[in-house]
Amino acid sequence: MRILTFFFVVFFIASTTQAQIGLAVEKNDNGSSIKYAIRSGKDLNDALQNAYQALKDTGATGMIVKMKQEADCGHELNEGYYVLIRCDRKSGGRFLLTYGLGAGKTKAEATKRALTHLKEFDWGFEDRFGYDIIKEGKIEDLFAE
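What this report covers is the structure whose coordinates are included nearby. (Residues numbered from 1 in each chain as written. Predicted model: local features only at pLDDT ≥ 70, side-chain atom pairs only at ≥ 80, totals over all residues. Heavy atoms only, no water.)

What follows is about the environment of glycine 31. Mapping glycine 31 onto the fold places it in the loop between strand S2 (20-27) and strand S3 (33-41). Residue classification places glycine 31 among the partly exposed positions, given a relative accessible area of 30%. It is 6.9 Å that separates the C-alpha atoms of glycine 31 and leucine 96, two residues lying 65 residues apart in sequence. (Helix = DSSP H or I, 4+ residues; strand = E, 2+ residues; numbered from the N terminus. Buried < 20%, exposed > 50% of the residue type's maximum accessible area, 1.4 Å probe, protein only.)

Laid out in structure tokens, this is it:
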């Protein structure tokens, strides 16, 4: 089974410095997400490299880079809350896991934006499938010191 890793880059821009965060998700041949890593960086390349390295350190292989973030997911914020959600569902006899990362001034806003982000990668997602919050916290805690 060949493992592919997709990088979803989420941007957080501060007014005086540019800090960014990368979400790397490893997917299997069925398109199911099997591992994830969230890492920050001083710029886009640094965040991507840190997320890539974090997954590589877990033994992930066959990595390719794919960036996507077209909807308003709150990724321009440099303070507030972030939420990482996961949907577990069956599709055509396959079990699928999908992740979404969102940020907002409130946890509710971050959760709504995480769902928007998840839907960008899981086109078959329907609200009836539901999701779980698997990681949450303050945005500023993700930035490297």
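And the narrative resumes.
If you walk through the whole model with that rule in mind, you get eight salt bridges. Residue arginine 86 is joined to aspartate 88 by a salt bridge in which the shortest nitrogen-to-oxygen separation is 2.9 Å. The partly exposed category is assigned to arginine 86, whose relative accessible area is 23%. A salt bridge links lysine 119 to aspartate 127, with the nearest nitrogen and oxygen atoms 3.3 Å apart. Take lysine 119: its relative accessible area is 34%, and that puts it in the partly exposed class. The exposed category is assigned to aspartate 127, whose relative accessible area is 58%. (Salt bridge = Lys/Arg side-chain N within 4 Å of Asp/Glu carboxyl O.)

Counting 11 residues, the largest nonpolar core is built from Leu23, Val25, Ile38, Tyr82, Leu84, Tyr99, Leu101, Ala103, Ile139, Leu142 and Phe143. Listing elements by their share of this core, those giving two or more residues are S2, strand S4 (81-91) and strand S5 (94-104). In this structure, tyrosine 99 is in contact with Val25, Ser33, Tyr36, Leu84, Ile85, Arg86, Leu118 and Ile134, ignoring residues within four places of it in sequence. One finds Val83, Cys87, Leu115 and Phe125 within the second-largest nonpolar core, a separate group that totals eight residues. (Core = buried A, V, L, I, M, F, W, Y, C linked by side-chain atoms within 4.5 Å. Contact = heavy atoms within 4.5 Å.)

Among the secondary structure elements, phenylalanine 129 is positioned in the loop between helix H2 (107-121) and strand S6 (132-138). In this structure, the C-alpha to C-alpha distance between phenylalanine 129 and arginine 89, residues 40 residues apart in sequence, is 6.7 Å. Non-local contacts of phenylalanine 129, meaning those with residues more than four positions away in its chain, are made with Cys87, Arg89 and Gly124.

What the three strands build is an open sheet, ordered S5-S4-S6; its pairing is antiparallel. Taken across any chain shown, the strands that pair with only one partner, and hence form the sheet edges, are S5 and S6. For this sheet, the mean angle separating the axes of adjacent strands, direction not counted, is 15°. Bridge count for S4 against S5 is 11 bridges, and the pairing is antiparallel. Across the sheet, arginine 86 pairs through a bridge with tyrosine 99, a residue of S5. (Pairing = 2+ DSSP bridges. Axes fitted to C-alpha atoms, helices over the stretch in contact; angles between N-to-C directions.)

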